[in-house]
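# Understanding the architecture of this molecule
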2 protein chains.
Amino acid sequence: MNLIVKNSIEKISIIGSGNVAWHLSTNFVKIGIKVTHIFGRNTIDVHSLCKKVNAIHSKSIKDLPKNQLVIICTPDDAISNICKSIDSSCPIAYTSGSVEIQSLPYREKIGVIYPLQTFSKNIKIKLNKVPFFIESTNNLLQKQLYNLTLKISNNVKIIDSIQRKKIHLAAVFVNNFTNHIIYQAQNYAKTNSINFKDLMPLLEETFNKINIESAFKSQTGPARRGDNNIIKQHIEILKGNSKEIYMLLSKSIKDTYNEKL
Amino acid sequence: MNLIVKNSIEKISIIGSGNVAWHLSTNFVKIGIKVTHIFGRNTIDVHSLCKKVNAIHSKSIKDLPKNQLVIICTPDDAISNICKSIDSSCPIAYTSGSVEIQSLPYREKIGVIYPLQTFSKNIKIKLNKVPFFIESTNNLLQKQLYNLTLKISNNVKIIDSIQRKKIHLAAVFVNNFTNHIIYQAQNYAKTNSINFKDLMPLLEETFNKINIESAFKSQTGPARRGDNNIIKQHIEILKGNSKEIYMLLSKSIKDTYNEKL
């Protein structure tokens, strides 16, 4: 595919002022793309981001410049309504992992820039290592979004909505679920006078190992060994969702190795 | 508590030749503690470890030197029977997270050296950062085990069996369950033409964040946002244990934030 385009994107508007808007805006500005206007519901955050990237704080979506790319960095369920309010001359890109282009109101130039990362405003990210997934129903826009994103990341790929949704699902496991499991451990530690700092070397090593061998090979613990006596004791100690999570994951580990060994 | 002891341990025997035996033996030898004898079921592994630490390969537990500490590094369910075979003159320490001293056959000198870490033979560990938990029903042995362990780790604590079991339970979440969640993601990626390498920056960042803020604060994703539409779509894609894990963890995340916000 020929990805050279004459009309490269040099100015953008942003909708949203959350973590994704923050990281995209600041990184685009760093490499010389102008973020001219920002619109968002949280006026304090929008104001703060405008100041950071020297943009105009738009009071309404109608105020955004015509014929200029608008990047929507909002929660998924807001995207459809926002699209309807954006001037028809503006190409749109949104950053969601799961919203299909076909599910949104039809327009000629609409696409996706999906960064596969978890963002917090206060935590710096090396964006050049973050994979970005691009999609558009319009060939020219797809090339433009690809080239634009390539300026901030070394890992940009064009994929369709179905594959993007699958990657998002895998990301839910890798980030959201592992994080919640660690929350469970932190919460349990707190209520049982365990210093979570003592668990940090184990947590670090758990993740180091994934760089060296597959999670399938790395698995250890009572469920892996089939040590039902310990599993029973642990289940007796736990309550509520923690107990259910313990039971289901232990069952799933047992199933995984009974089937495969 | 006065932890100075005159009769410090200078020679040990090891039972087992798995990951824990491997890391303990090599690290003890490094700091001048002699591992004189090793006994284990897997003769190839025992032989290899004996060669590594210059120890004698014992053909029977009866051959281990009398009056010398024996460290049992075997799965939990083997400990009780092994204890019965060890000469009554030998103090014993075992490395389990969950086996209570009181559940084992009574003897005067029995204790625990529990390393809170996941070990693989081929993966080097900075043992000096690993927390070790010590326990003994005998005061002198407890001091001796504490001092012995302090030679290989900077983080050694004396705790009772109940607290040790609780720490082990937290460790199951931190290591075994997060690892299994990542296995689920790797397995899903494999069967859906997703390159898991694209998920590595997300995985790394997930763990970096834990060093900066609590998992409670770090939580993101569809369940955290209450995005039931996406959750429903993901559940439709998944099958078997993955589906059940997705449903339970999403429910647990929702419950966590509905209750607390």
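### Let's talk about the packing of aromatic side chains
For the structure shown, the criterion picks out 13 aromatic pairs over all chains. When the centroid spacing of 6.1 Å and the interplanar angle of 55 degrees are considered together, the rings of phenylalanine 173 of chain A and tyrosine 246 of chain B count as tilted. Of this pair, phenylalanine 173 of chain A sits in helix α5 (residues 161–191) while tyrosine 246 of chain B is found in helix α10 (residues 240–260), placing the two residues in two different chains. Neither residue differs from the other here; phenylalanine 173 of chain A and tyrosine 246 of chain B are each classed as buried. Seen from their ring centres, tyrosine 246 of chain A and phenylalanine 177 of chain B are 5.2 Å apart, and the 70 degrees between their planes marks the pair as edge-to-face. Of this pair, tyrosine 246 of chain A sits in helix α10 (residues 240–260) while phenylalanine 177 of chain B sits in helix α5 (residues 161–191), which puts the two residues in different chains. Each member of the pair, tyrosine 246 of chain A as well as phenylalanine 177 of chain B, carries the same accessibility label: buried. Among the aromatic residues, those joined into a cluster by ring pairs are Phe173 and Phe177 of chain A together with Tyr246 of chain B. Sitting over the face of the ring of tyrosine 257 of chain A, arginine 224 of chain A holds its NZ or CZ atom 4.0 Å from the ring centroid.

### Digging into the interface of chain A and chain B
Taken residue by residue, the interface counts 90 residues in chain A and 90 residues in chain B. For the pair chain A and chain B, the summed buried surface comes to about 8400 Å²; carbon and sulfur atoms form 65% of the total. Between the two partners, chain A and chain B, sit 2 salt bridges. Across the contact surface, chain A and chain B share 43 residue pairs in polar contact (both at pLDDT 80 or more). For the side of chain A that touches chain B, the elements supplying multiple residues, two or more each, are β7 (131–136), β8 (155–158), α5, α6 (200–210), α7 (215–218), α8 (222–225), α9 (228–237) and α10 of chain A. Sort the elements by how many residues they give to the side of chain A that touches chain B and α5 of chain A lands first, with 25 residues. Partitioned by chemical class, the residues of the side of chain A that touches chain B number 41 nonpolar, 32 polar and 17 charged.

### Points about the sheet that holds strand β5 (residues 92–94) of chain B
Residue and element names in this part refer to chain B. Across the sheet, which stays open at both edges, the 8 strands sit in the order β3-β2-β1-β4-β5-β6-β7-β8 with mixed pairing between neighbours. Of all the strands in the sheet, just β3 (56–57) and β8 (155–158) have a single pairing partner and so form its edges. Two elements, strand β6 (residues 110–115) and strand β7 (residues 131–136), share 5 bridges in a ladder whose sense is antiparallel. The residue bridging glycine 111 from the neighbouring strand is serine 136, located in β7. Sheet strands in contact with helix α2 (residues 43–53) are β2 (34–39) and β3, and its direction is about 170 degrees off that of β2. Where helix α3 (residues 76–85) meets the sheet, it contacts β1 (11–15), β4 (69–72), β5 and β6, and its direction lies at approximately 160 degrees from that of β4.

### Topic: the pattern of salt bridges
Under the definition given, this model contains 12 salt bridges over all chains. Residue arginine 164 of chain A pairs with glutamate 135 of chain A through a salt bridge whose shortest N-O separation is 2.9 Å. Placement of the pair is arginine 164 of chain A in helix α5 and glutamate 135 of chain A in strand β7, with a sequence separation of 29 residues. Residue classification places arginine 164 of chain A among the buried residues on the basis of a relative accessible area of 1%. Residue lysine 66 of chain B pairs with aspartate 87 of chain B through a salt bridge whose shortest N-O separation is 3.8 Å. A residue pair is termed long-range when its members are at least 10 positions apart, and lysine 66 of chain B in the loop between β3 and β4 and aspartate 87 of chain B in the loop between α3 and β5 qualify at 21 residues. Here aspartate 87 of chain B falls in the partly exposed class, since its relative accessible area comes to 29%.

### Quick look at the packing of α6 of chain A against α5 of chain B
Relative to each other, α6 of chain A and α5 of chain B sit at 20 degrees, their axes nearing to 9 Å. Considered as vectors, α6 of chain A and α5 of chain B are oriented roughly parallel to each other. Crossing of α6 of chain A over α5 of chain B shows right-handed handedness. Here Leu202, Leu203, Thr206, Phe207 and Ile210 of chain A of α6 of chain A lie close against α5 of chain B, whose contacting residues are Ala171, Val174, Asn175, Thr178, Asn179, Ile182 and Gln186 of chain B.

### Notes on the packing of α5 of chain A against helix α9 (residues 228–237) of chain B
Working note: a packed helix pair is described by the angle between its axes plus the distance between those axes. The geometry of α5 of chain A relative to α9 of chain B is characterised by a closest axis approach of 11 Å and an angle of 95 degrees between their N-to-C directions. When the axis of α5 of chain A is compared with that of α9 of chain B, the two are roughly perpendicular. Contact with α5 of chain A, carried on its side by Lys165, His168, Leu169 and Val172 of chain A, involves Ile230, Gln233, His234 and Ile237 of chain B of α9 of chain B and no other residues of that element. Its residues assigned to classes, the contact of α5 of chain A with α9 of chain B comprises 4 nonpolar, 3 polar and 1 charged.

### Brief notes about the domain arrangement of chain A
Accessible area lost during the coming together of the parts is what is often quoted as the interface size. Residue and element names in this part refer to chain A. On domain assignment, one finds that chain A holds domain 1 (11–159) and domain 2 (167–260). Measuring from the centre of the C-alpha atoms in domain 1 to the corresponding centre in domain 2 gives 36 Å. Across the contact, 7 residues belong to domain 1 and 4 residues belong to domain 2. Both faces considered, domain 1 and domain 2 share a buried interface measuring about 420 Å² in area, 69% of it formed by carbon and sulfur atoms. Interface area lost by domain 1 to domain 2 is led by Tyr114, Leu116 and Thr118, which between them contribute 56%. Inspection of the domain 1/domain 2 interface yields 0 salt bridges. Its residues assigned to classes, the side of domain 1 that touches domain 2 shows 4 nonpolar, 3 polar and no charged.

How each quantity is defined
- Residues numbered from 1 in each chain as written.
- Chains lettered and ligands numbered in written order.
- Predicted model: local features only at pLDDT ≥ 70, side-chain atom pairs only at ≥ 80, totals over all residues.
- Heavy atoms only, no water.
- Phe/Tyr/Trp six-rings, centres within 6.5 Å; stacked < 30°, edge-to-face > 60°.
- Helix = DSSP H or I, 4+ residues; strand = E, 2+ residues; numbered from the N terminus.
- Buried < 20%, exposed > 50% of the residue type's maximum accessible area, 1.4 Å probe, protein only.
- Lys NZ or Arg CZ within 6 Å of the ring centre and 35° of its normal.
- Contact = heavy atoms within 4.5 Å.
- Buried area = accessible area lost by both parts, 1.4 Å probe.
- Salt bridge = Lys/Arg side-chain N within 4 Å of Asp/Glu carboxyl O.
- Polar contact = N/O pair within 3.5 Å; in protein donor to acceptor, adjacent residues only side chain to side chain.
- Nonpolar A, V, L, I, M, F, W, Y, C, P; charged D, E, K, R; others polar.
- Pairing = 2+ DSSP bridges.
- Axes fitted to C-alpha atoms, helices over the stretch in contact; angles between N-to-C directions.
- Parallel < 35°, antiparallel > 145°, perpendicular 65-115°, else oblique.
- Left-handed = near helix turned anticlockwise from the far one by under 90°.
- Domains from an automatic or database assignment.

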